[in-house]
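Here's the letter readout for the chains.
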Amino acid sequence: MNWKTQNSELIKQRPFFDDLIKRKFVFAPTAEIYGGVAGLFDYGPLGATIKQNFINIWRKHFVMEEDFLEVPTTTLTPQIVFKHPGHEDRFNDFMVKDNQTKETFRADHLLESILEQKINNKQFSEQERVVYEEMLRSIPNFQSSADFEKLFEKLDVRNPTHDKNKLRGVYPFNLMFSTKIGPMGDQLAYFRPETAQSIFVNFKRLLEFKNGKLPFGASCIGNAYRNEIAPRNGLLRVREFEMAEIEYFIDPEETSFSKFNEVSSLIIPLLGRDEQTDGKDIVLMSLDDAVKKNRIQGEVLAYYIGRTWLFALAIGLKSDHLRFRQHCKGEMAHYARDCWDLEVLSSFGWIECVGLADRSAYDLNAHSKGSDEKLVASRIFETPQEREQIIIEFNRASIGKTFRTSSKAVMEFLDSMSIIEAKDLKDQMCKNGKATVLGCEITKEMVPKLEIEKVMIQEEKYTPYVIEPSFGIGRLIYCLLEQSFRMREDVQRTYFYFTPAIAPYKIVFLSLINKKELVDQVISLENEYRKAGYPCKSDYGSSAIGKRYARTDELGIPFGVTVDFQTLEDKTVTLRDLISTKQIRIPINQLKTCIDDAINEKTTFIELSKIYKEVKINPNDKSSS
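Colleague: Explain the overall build of the protein residue by residue, including any values.
Modeller: On a plain count of helices and strands, the protein comes out with 22 helices and 31 strands. A total of 625 residues make up the protein; the buried ones form 48% of that total. Carbon and sulfur atoms form 48% of the exposed surface of the protein, whose accessible area is close to 31400 Å². On the protein, the mean spot of the 86 positive side-chain charges and the mean spot of the 91 negative ones are 3 Å from each other.

Okay, structure coming up:
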């Protein structure tokens, strides 16, 4: 089954899925009684528990197993934190406005929608559809308003609801929410659009906590905010959301990674830039081959792609609904050297759920310059090493007077240039008596001394590189909910099937009928298991047992324990499997062990059914209260 067929199946199920989400209050629009607000959602009891279970698994898989340092930080962040890394100027989406109706549209989404309609429209010739496909593939490479304007003009794009109104004048829109701090409102701040910067500004403290040793990772779980142009599709595109981010700090000169062999043999579905440009499908490739062939830039990035793949499978996502897509050049964030997204297939198509980026040393360098703090680590050598060192003197007053507004950038360049840049500058000065720096002509009088000498060193300072896996929790949960949705074909009943670790409740205790002696036993078992730490619930209402089974199935409870009159005689209960609906009879004193093993995936219901006798219960049994 190809992904388009799978997508069609998910689309068919969506009305039933949406109904179950609504009835069971998994999540709902914020302030729903007032009509709600686009892009804001509240989790209900079921959704909140699923989210917490998700975070618990994420913490175990990454924070605990990888020995990360977790730092919960504030969502309200001073302006300067986002000024120096470039977010204030570049954290944008391109949008277009209908000046007559005042409606706004996200430019890339509107173009993609129009082109997809044309590609699927058989009124166009095959040759025309090929051209439209090429246009569609070009959009991720757009980097400016002009790129969008050309295609808007070529396609004669108009307002979808007012087709007389042409849409032109594409412009960048900053997605960050701003606010003011203090009673005078004189300090600008932003509600963070990502958690990453709070880790970078705490780098010195984190490095000290790790006794100065790299590599190490830091993580942050918390809310972020983006002023989305057109929030839609449930939890997939919202204005407030929860993220789980990792910043893994490495020495850029270390080309190998000791942990890589743990995942190197994994076969991963990759959709690289070349496949996207040529309109090809995913390539299945081992991570080892992907690194050797330079498909993925470096072993550390590949390692976390592998770990992310294993995490996605662990929470219950289907392997054939997953792919890793490389960012095209126009999509690349201003800080990234390479970036791959884990995309999950949903009823709305492929959804970016995890971003895995090589951020190089961009952020630490930016904050070093902005704060005058040296955010660096050290290489300590057992024996002294020979290194080249720049010795430079320059006339700040002369540079300032000559270049005025450009002088600061010129002096910053001279202060921080690399050995290669210094050698190039010296060569220009020797040959021409002058050199060009950032478009400015530097003379010998401005730089009276520039030498490169060799020295022996025992310690060397350097700025670490950063590999960043960034998880969108809400998006992953939405895709997981869709993939966990089921329908019983014979009776058209809907339910969820989660892995036991994700399931909000692990067990439901039911009485066959509503008789006091059976109800007392149910209450006793529920209390016992709750005290033992099992998330569970009970249902001993007057409805038929079949209806109560269906009610608990909708909550995705993997195990149902039914108390009947035989329980009172021989201290046994029935254990029901959510998927097959089959039941086996188990002694109460063995029940905890069976459920523990099932929850921890040490056994399955099929294996248990080989040990314990299968029984039948009449689903129409009803209390005669």
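Don't stop here, the text continues.
Colleague: How would you summarise the sheet that holds strand 30 (residues 583–587) if you had to cite specific residues and measurements?
Modeller: Overall, mixed pairing links the 6 strands, which are arranged 27-26-28-29-30-31 in an open sheet. Two strands in the sheet have a free side with no partner beyond their single neighbour: strand 27 (536–539) and strand 31 (614–615). Alignment of strand 28 (residues 559–563) against strand 29 (residues 572–577), held across 4 bridges, turns out to be antiparallel. Within strand 29, the residue paired with glycine 560 across the bridge is arginine 576. The sheet strands contacting helix 21 (residues 588–599) are strand 26 (507–511), strand 28, strand 29 and strand 30, and the helix crosses strand 30 at an angle near 125°.

Colleague: Please provide a residue-by-residue account of the packing of helix 1 (residues 3–23) against helix 17 (residues 473–484), values included.
Modeller: If you want to describe how two helices pack, look at the angle between their axes and the distance between the axes. Direction vectors running N to C along helix 1 and helix 17 enclose 105°, while the axes themselves pass 10 Å from each other. Classified by the interaxial angle, the pair formed by helix 1 and helix 17 is roughly perpendicular. Contacts between helix 1 and helix 17 involve Leu10, Phe17, Asp18 and Ile21 from the first element and Tyr478, Leu481 and Glu482 from the second. Counted by class, the contact of helix 1 with helix 17 contains 5 nonpolar, no polar and 2 charged residues.

Colleague: Requested: an account of helix 19 (residues 545–553), with residues and values cited.
Modeller: Counting buried residues along helix 19, 7 of its 9 residues qualify, which places the element largely inside the surrounding structure. Listing the buried residues of helix 19 in full gives Ile545, Gly546, Arg548, Tyr549, Ala550, Thr552 and Asp553.

Colleague: Which residues make up the sheet that holds strand 10 (residues 177–181), and what values go with them?
Modeller: Strand-to-strand pairing in sheets goes through backbone hydrogen bonds, with the strands running parallel or antiparallel. The strand order across the open sheet built from 3 strands is 4-11-10, with neighbouring strands paired in antiparallel fashion. The open sheet has two edge strands with one neighbour each: strand 4 (76–78) and strand 10. Strand-to-strand, the axes of this sheet are offset by a mean angle of 40°, without reference to chain direction. Bridging between strand 10 and strand 11 (residues 187–191) involves 5 bridges; their strand directions are antiparallel. Counted as the bridge partner of serine 178 is tyrosine 190 from strand 11.

Colleague: Any chance you could break down the side chain of asparagine 159 for me, citing the residues and the numbers?
Modeller: Position of asparagine 159 among the secondary structure elements: in strand 7 (residues 158–159). Beyond its immediate stretch of four places on either side in the chain, asparagine 159 contacts Asp98, Thr101, Glu103, Phe105, Asn165 and Leu167.

Colleague: Quick rundown of the packing of aromatic side chains? Include the residues and the values.
Modeller: For the structure shown, the criterion picks out 33 aromatic pairs. With a centroid separation of 5.8 Å and 90° between ring planes, the pair formed by phenylalanine 17 and phenylalanine 485 is classed as edge-to-face. Linking phenylalanine 17 in helix 1 with phenylalanine 485 in strand 24 (residues 485–488), this pair joins segments that are 468 residues apart in sequence. Like phenylalanine 485, phenylalanine 17 is buried. Residues phenylalanine 485 and phenylalanine 496 carry aromatic rings whose centres are separated by 6.2 Å and whose planes lie at 70° to one another, so their mutual orientation is edge-to-face.

Colleague: Any chance you could break down the environment of glycine 222 for me, citing the residues and the numbers?
Modeller: Along the polypeptide, glycine 222 turns up in strand 12 (residues 216–225). Here glycine 222 falls in the buried class, since its relative accessible area comes to 10%. Sequence separation between glycine 222 and glutamate 245 is 23 residues; the distance between their C-alpha atoms is 8.8 Å. If we skip the residues at most four places from it in the chain, glycine 222 touches Arg192, Thr195, Phe241, Glu242 and Met243.

The rules behind the values
- Residues numbered from 1 in each chain as written.
- Predicted model: local features only at pLDDT ≥ 70, side-chain atom pairs only at ≥ 80, totals over all residues.
- Heavy atoms only, no water.
- Helix = DSSP H or I, 4+ residues; strand = E, 2+ residues; numbered from the N terminus.
- Buried < 20%, exposed > 50% of the residue type's maximum accessible area, 1.4 Å probe, protein only.
- Areas by Shrake-Rupley, 256 points an atom, 1.4 Å probe, with all protein chains shown as cover.
- Lys, Arg positive; Asp, Glu negative; His and termini not counted.
- Charge placed at Lys NZ, Arg CZ, Asp CG, Glu CD.
- Pairing = 2+ DSSP bridges.
- Contact = heavy atoms within 4.5 Å.
- Axes fitted to C-alpha atoms, helices over the stretch in contact; angles between N-to-C directions.
- Parallel < 35°, antiparallel > 145°, perpendicular 65-115°, else oblique.
- Nonpolar A, V, L, I, M, F, W, Y, C, P; charged D, E, K, R; others polar.
- Phe/Tyr/Trp six-rings, centres within 6.5 Å; stacked < 30°, edge-to-face > 60°.

Interpretation note: all reported values are geometric properties and have no functional meaning in isolation.
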